[in-house]
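Remarks on the overall topology
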Amino acid sequence: MSNGTEIQCPKPFLNILDYTDGGFIEGRVCQPYFTETCCLPCPMTQWAYPDTFETMSEAANWVSVVSTVGCVFLLLSWAVLPVDKTFRHYLSICLTTAVVFMNLGFVIPLAAQPEQCFDDITPNSMKTSSVCAASGMFIILGGWAGVLWVFLRALSLHLQICWQLVVGRNFMWFAQIIGWGIPGIGVILAFLLSGVSFRFGQSCHINHKNSLADLWIPLLVFSGMTIIIQFATFGYCIKVYLASLADNSASTEGSNMPSYTNSIRTMTPKQAYRRVRRVIALQWRGIAIVLIIIADVIFFSVVFVFQDNTVEAVRHDNTIARPWALCLLANGGEKEPCLKLASALVVNMPTVGAVLFLLGMNGIWLCLLLGRWSMITGWRDLLISSPSRSKREFVSVDARLDDLKKDTRSYEMLSRDDSGKVMDHSVTPSVVTPISPTLARSQMGSPNQDPESGRRTPDFFGQTQRYHTPARSFSSPRPPQQPQQATVTWDPTETYARGQSPYPQDNNPNNYVNPLGMNRL
């Protein structure tokens, strides 16, 4: 503790000797003042940013809440609704789960409202705040998993479009190991080698020590690989499109001729372009998600690394923050006149706000791109229509026939033209189809039937057309027919063949041998 002979730090700085060793010591912002060391009160963002910074940070956290609700809706829809309503895929499910983890890193501090500072000059760390540890873990886990799953999604699309490979079960297990194994290892390394603490805002972020090696560089490497793969896929699509424009050959795609479509070498440029266009039409949402999340991660990484390096430079070089510190001393601790000087020490507030809001909006983008209107109708059918269907589950067939009698829309293929015969309205429709051919034919001949009243239906069942097999039909093998005459005659004038055998036994033309009858027994 300080005594009376020690020099007091000018306002708003506090003497470091008045505080014990606790919290995140490296997070203190201190400057030497004569023989003493004076530190800036915690948190630093309170002095380097306007008062609206905390409001902006809290608003970004509420955006994360909305994003989390949307992701939970997607996950529940994929888990409960049938696949024809949701078109679920494990790549989409895992990516959405990763975004939920990242959002939890901002939602938990919003709900818990943790104390950012251990004391007046020291921020809390993961060792002194459980909320800080949970927040930092979910942010790192969500960041790692989000980058890995967009990388796997881009790789899957690249293999399908460029190499025409069907990504099956082996790729799925490979993706599960990579998509969750590497993020788990990344979280462990980040906590052991760097740790997390309150850096700016209500959420905890990774500390500067070893952060480039165990988090930022690996994330940027995978992000760069994702961008390379994605643009390689785009380049291939452009190449196929340009080749299809110059291709004048007739395409056989869609014909009944057998073809080998497993190799791109057997496909014409137009066929390849049609195939690529179909794949892109199905995967354009995934492509957009990959680009959005990768852009967010790169933006966040660059901004945070710049902020981290700037703060570390201020801690090690006293001359960088001296103009701002002197401004605070001259104004008696009022920060408003010194905010312009503080902007050189930290990332400006609009940039930090853009990073926080973009990270919080990832779940909203997922809802817009992966969500479908059929999910809404599926939940409506599940919550509203299912009870009515369950009540009718054990209804007898006769009751259903009565309903069909009352509902005139259940009759199919009904017509009012005069080409068909009249169908009596009292005919009981069957369970499968509302037309009953047997009863219809029995009622047709009734003398009391008015041919001009009621609905009419064409007589599809009254006459049976006889099928005549074509003379030269080769659709099925048939045994050879026996000739009606004993001798087969052939008129050589019908063709250009010679009337005599090319190999006569003598000069007598009557010895001609018919080649079609020479082997007859």
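Everything quoted here is computed from the prediction, not taken from an experiment. (Residues numbered from 1 in each chain as written. Predicted model: local features only at pLDDT ≥ 70, side-chain atom pairs only at ≥ 80, totals over all residues. Heavy atoms only, no water.)

The next subject is the overall build of the protein chain. In terms of helices and strands, the protein chain carries 15 helices and 7 strands. The 521 residues of the protein chain split such that 40% are buried. Across the protein chain, the fraction of contacts at a sequence separation of at least 24, relative to all contacts at a separation of at least 6, is 73%. Surface exposure of the protein chain reaches about 31,000 Å², of which carbon and sulfur atoms provide 61%. (Helix = DSSP H or I, 4+ residues; strand = E, 2+ residues; numbered from the N terminus. Buried < 20%, exposed > 50% of the residue type's maximum accessible area, 1.4 Å probe, protein only. Contact = heavy atoms within 4.5 Å. Areas by Shrake-Rupley, 256 points an atom, 1.4 Å probe, with all protein chains shown as cover.)

All right, on to the environment of Lys335 then. Among the secondary structure elements, Lys335 is positioned in the loop between helix H9 (322-330) and helix H10 (339-342). A relative accessible area of 9% places Lys335 in the buried class. Filtering out sequence-adjacent residues up to four positions away, Lys335 remains in contact with Gln46, Trp47, Tyr49, Pro50, Asp51 and Leu328.

Moving on, we come to a nonpolar patch on the surface. A cluster of nonpolar residues, Ile185, Ile188, Leu189, Leu192 and Leu193, forms a patch on the protein surface that exposes about 500 Å² of accessible area. Here Ile185 shows up in helix H6 (residues 169-193). (Patch = residues over 30% accessible without salt bridge, like charges linked within 9 Å, V, L, I, M, F, W, Y side chains within 5 Å. Salt bridge = Lys/Arg side-chain N within 4 Å of Asp/Glu carboxyl O.)

Formed by 86 residues in total, the largest nonpolar core has its most connected members in Leu40, Tyr49, Ile140, Trp149, Trp216, Trp324 and Leu366. Per element, the largest residue contribution to this core is 15 residues, and it comes from helix H5 (residues 130-162). Dropping the residues within four chain positions of it, Leu366 is found in contact with Cys71, Leu74, Leu95, Thr96, Val99, Ile289 and Gly371. Listed in part, the 10 residues of the second largest apolar core include Cys162, Tyr236, Val240 and Val279. (Core = buried A, V, L, I, M, F, W, Y, C linked by side-chain atoms within 4.5 Å.)

Further remarks concern the UniProt feature "transmembrane region" (unreviewed entry) in the protein chain. Following the UniProt record, the feature "transmembrane region" (unreviewed entry) maps to residues 59-81, 93-113, 133-152, 173-195, 215-238, 284-306 and 351-371 here. Its end C-alpha atoms 33 Å apart, residues 59-81 is made of 96% helix and 0% strand. Between the C-alpha atoms that bound residues 351-371 there is a distance of 29 Å. The span itself is 90% helix and 0% strand. (UniProt positions renumbered as here; feature names shortened; annotations may be inferred.)

Strand order across the open sheet formed by 3 strands is E1-E3-E2, with antiparallel pairing between neighbours. Because the sheet does not close on itself, it has two edges, and the strands there are strand E1 (14-15) and strand E2 (30-33). The sheet contact formed by E2 and strand E3 (residues 36-39) spans 4 bridges and is antiparallel. Paired with Tyr33 across the two strands is Glu36, which belongs to E3. (Pairing = 2+ DSSP bridges.)

This part is about the state of the cysteines. A complete count under the given rule lists 5 disulfides for this structure. Each sulfur of the disulfide joining Cys30 and Cys39 lies 1.8 Å from the other. Taking the sign of the S-S torsion, about 95 degrees here, the bridge from Cys30 to Cys39 comes out right-handed. Each member of the pair, Cys30 as well as Cys39, carries the same accessibility label: buried. Across the disulfide, Cys42 is cross-linked to Cys117 (sulfur-sulfur distance 2.0 Å). Here the S-S torsion is close to -90 degrees, and the disulfide linking Cys42 with Cys117 is therefore left-handed. With a gap of 75 residues between them, Cys42 in the loop between E3 and helix H1 (45-48) and Cys117 in the loop between helix H4 (90-112) and H5 connect regions that are remote in the sequence. For the pair formed by Cys42 and Cys117, the shared burial category is buried. (Disulfide = S-S within 2.5 Å.)

Looking now at the confidence of the model for the protein chain. In this model, the protein chain carries a mean pLDDT of 77, and residues with pLDDT of at least 70 account for 69%. Here residues 251-265 is a poorly scored stretch, pLDDT under 50, and it has 15 contacts once near neighbours within four places are set aside; other chains count. Predicted confidence for residues 407-449 stays below pLDDT 50, and this span has 75 contacts to residues more than four positions away or in other chains. (pLDDT = per-residue confidence, 0-100.)

Taken as a whole and judged by the stated rule, the model has 13 aromatic pairs. Ring centres 6.1 Å apart and planes at 35 degrees place the aromatic pair Phe101 and Phe138 in the tilted group. In this pair, Phe101 sits in helix H4 while Phe138 sits in helix H5, placing the two residues 37 residues apart along the sequence. A relative accessible area of 22% places Phe101 in the partly exposed class. Ring geometry for Phe101 versus Trp180: centroids 6.1 Å apart, planes at 75 degrees, classification edge-to-face. One end of the pair, Phe101, is in helix H4; the other, Trp180, is in helix H6, and 79 residues separate them in sequence. (Phe/Tyr/Trp six-rings, centres within 6.5 Å; stacked < 30°, edge-to-face > 60°.)

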